[in-house]
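Residue strings, one per chain:
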Amino acid sequence: MEPVFRTLEIAAKLAVRVTGTRITYQGLENIPASGAAVVAINHTGYVDFLPAALAANKRGRRMRFMIKAEMGGVKVVGWLIGHTGTITVDRQAGRGAYAAAVASLRRGELVGVYPEATISRSFELKEFKSGAVRMARDARAPIVPLIVWGAHRIWTKDHPKALGRTKFPVAVAVGEPIEPVGSVEEITTTMRSEMTQLLTATQADYPRPQGAYWLPRRLGGTAPTPVEAAALDEAELAERARRRTGDT
């Protein structure tokens, strides 16, 4: 029994109810009812984790997420990390987090991973890192592709939060498990293809008001193109590096 995790689940459901958020789910049967799996989630905003976690909850499961180690510096978040089995990732030294994730999988748990590593400003799929596939191969666990769409309207990069009673619709789509058989490159290509198809289908069934900041450019929105988004990401990383070195 994990009382902190249970309290968070209750709080998450209450938050959804209070804000009027309408979450729809497709393909929940693809989340294993038992046993390990790497759940590969697209990353468009700061609250993607919540609909993904609730999808697992609907299957009677709990998901261990991998998050940035810096989040542990926030006192409340640090406490929650220590009581929910969350796996912190130090981007300068990720071996410990990787080992912890594989160990969690070998215990038969679900591990939620963002293959893109960072939020996509274009709301398209970015280049995938290899960690999700490598840990799935090492733990001999399937990869479950999962798409969250609409949660980025609540809170994403470069835009104000919308945390009130917005009643935004949020869609969660889960694809069939992918067995980690083949090379890392082959499995990554399969995973990306499956997630692209899920994302495209989910977007097709979602409202698409022209000019919306939260819509990809190809769908008539004003989000940065993938090339523009990459330039913004590079500028952000350069600014962080400048601050670390104390340059002006």
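- Named according to an unreviewed UniProt entry, the protein is Acyl-CoA:1-acyl-sn-glycerol-3-phosphate acyltransferase originating from Mycolicibacterium hippocampi.

**Here we look at the overall build of the protein**
Alright, step 1. Scanning the protein from terminus to terminus reveals 7 helices and 7 strands.
Alright, step 2. Sequence-ordered secondary structure for the protein, helices as α and strands as β, is α-β-β-α-β-α-β-α-β-α-β-β-α-α.
Alright, step 3. Classification of the 248 residues of the protein by burial places 46% in the buried group.
Alright, step 4. Contacts spanning at least 24 positions in sequence make up 74% of the contacts within the protein whose residues lie at least 6 apart.

**Thoughts on helix α6 (residues 184–204)**
Alright, step 1. The end-to-end C-alpha distance of α6 is 30 Å, a good match for the 30 Å that 21 residues give at a rise of 1.5 Å each.
Alright, step 2. Taken as a whole, α6 has its buried residues at Val184, Ile187, Thr188, Met191, Met195, Leu198, Leu199, Thr202 and Gln203. Angularly, the buried residues of α6 cover 125° about the axis, an arc narrow enough to put them on a single face. For α6, the exposed residues lying more than 90 degrees away from the buried face are Glu185, Glu186 and Thr189.
Alright, step 3. Its buried side turned inward, α6 meets β2 (37–41), α5 (131–139), β6 (143–149) and β7 (169–174).

**Observations regarding the packing of aromatic side chains**
The description of an aromatic ring pair uses the distance of the two centres, along with the angle that the planes make with each other.
Alright, step 1. In the structure shown here, the tally under the stated rule is 3 aromatic pairs.
Alright, step 2. Look at Phe49 and Phe65: their rings are 6.3 Å apart centre to centre, the planes differ by 85°, and that puts the pair in the edge-to-face class. Taken together, the residues span a long stretch of sequence, with Phe49 in helix α2 (residues 49–58) and Phe65 in strand β3 (residues 63–68) at a distance of 16 residues.
Alright, step 3. Taking the ring centre of Phe128 as reference, the NZ or CZ of Arg192 above it sits at 5.0 Å.

**Quick notes on the nonpolar core**
Alright, step 1. Ranked by internal contacts, the top residues of the largest apolar core, which has 38 residues, are Val38, Met66, Leu105, Met135, Ile143 and Met191.
Alright, step 2. Going through the elements one at a time, β2, α4 (95–106), β5 (110–113), α5, β6 and α6 are the ones with two or more residues in this core.
Alright, step 3. The element best represented in this core is α6, accounting for 6 residues.
Alright, step 4. In this view, Ile143 contacts Val38, Ala40, Val133, Ala136, Glu176, Pro177, Ile178, Ile187 and Met191; residues no more than four positions away in its chain are not counted.
Alright, step 5. Ala12, Ile23, Val47 and Phe65 belong to the second largest nonpolar core, which has 26 residues in total.

**Details of the packing of α4 against α5**
Alright, step 1. One way to put it is that α4 packs onto α5 with a least axis distance of 9 Å and a crossing angle of 45°. Put simply, α4 runs oblique to α5. Both α4 and α5 take part in a crossing whose hand is right-handed. Note on element contacts: α5 touches α4 through Gly131, Arg134, Met135, Asp138 and Ala139, opposite Tyr98, Ala101, Val102, Leu105 and Arg106.

**Focus: a nonpolar patch on the surface**
Alright, step 1. Residues Tyr46, Trp155 and Leu163 make up a contiguous nonpolar surface patch of about 290 Å² in total accessible area.
Alright, step 2. Here Tyr46 is to be found in the loop between β2 and α2.
Alright, step 3. The exposure class of Tyr46 is partly exposed, given its relative accessible area of 37%.

**Observations concerning the side chain of Asp48**
Alright, step 1. In this structure, Asp48 sits in the loop between β2 and α2.
Alright, step 2. Comment: no salt bridge for buried Asp48; closest opposite-charge side chain is Lys157, at 11 Å.
Alright, step 3. Among the polar contacts made by the side chain of Asp48, one reaches the main-chain amide nitrogen of Gly45 at a distance of 3.1 Å.

**What about the environment of Met191?**
Alright, step 1. Looking at the secondary structure, you find Met191 in helix α6.
Alright, step 2. Under the relative-accessibility criterion, Met191 is labelled buried at 0%.
Alright, step 3. Put simply, Met191 and Glu179 are 12 residues apart on the chain and 10.0 Å apart in space, counted from C-alpha to C-alpha.

**Quick notes on the pattern of salt bridges**
Alright, step 1. Scanning all chains against the criterion turns up 14 salt bridges.
Alright, step 2. Through salt bridges with shared partners, one network takes in Arg121, Lys126, Lys157, Asp158, Asp233, Glu236 and Arg240.

**What to know about the packing of α5 against α6**
Alright, step 1. Close contact between α5 and α6 brings their axes to 9 Å; oriented N to C, the two are set at 115°. Along this stretch, α5 crosses α6, giving a crossing that reads as right-handed. Residue-level inspection shows Val133, Arg134 and Arg137 of α5 in contact with α6, the latter providing Val184, Ile187, Thr188 and Met191.
Alright, step 2. Along the lines of polarity and charge, the residues of the contact of α5 with α6 split into 4 nonpolar, 1 polar and 2 charged.

Each value, and the rule that gives it
Residues numbered from 1 in each chain as written. Predicted model: local features only at pLDDT ≥ 70, side-chain atom pairs only at ≥ 80, totals over all residues. Heavy atoms only, no water. Helix = DSSP H or I, 4+ residues; strand = E, 2+ residues; numbered from the N terminus. Buried < 20%, exposed > 50% of the residue type's maximum accessible area, 1.4 Å probe, protein only. Contact = heavy atoms within 4.5 Å. Expected span 1.5 Å × (residues − 1). Arc of directions from axis to C-beta. Phe/Tyr/Trp six-rings, centres within 6.5 Å; stacked < 30°, edge-to-face > 60°. Lys NZ or Arg CZ within 6 Å of the ring centre and 35° of its normal. Core = buried A, V, L, I, M, F, W, Y, C linked by side-chain atoms within 4.5 Å. Axes fitted to C-alpha atoms, helices over the stretch in contact; angles between N-to-C directions. Parallel < 35°, antiparallel > 145°, perpendicular 65-115°, else oblique. Left-handed = near helix turned anticlockwise from the far one by under 90°. Patch = residues over 30% accessible without salt bridge, like charges linked within 9 Å, V, L, I, M, F, W, Y side chains within 5 Å. Areas by Shrake-Rupley, 256 points an atom, 1.4 Å probe, with all protein chains shown as cover. Salt bridge = Lys/Arg side-chain N within 4 Å of Asp/Glu carboxyl O. Lys, Arg positive; Asp, Glu negative; His and termini not counted. Polar contact = N/O pair within 3.5 Å; in protein donor to acceptor, adjacent residues only side chain to side chain. Nonpolar A, V, L, I, M, F, W, Y, C, P; charged D, E, K, R; others polar.

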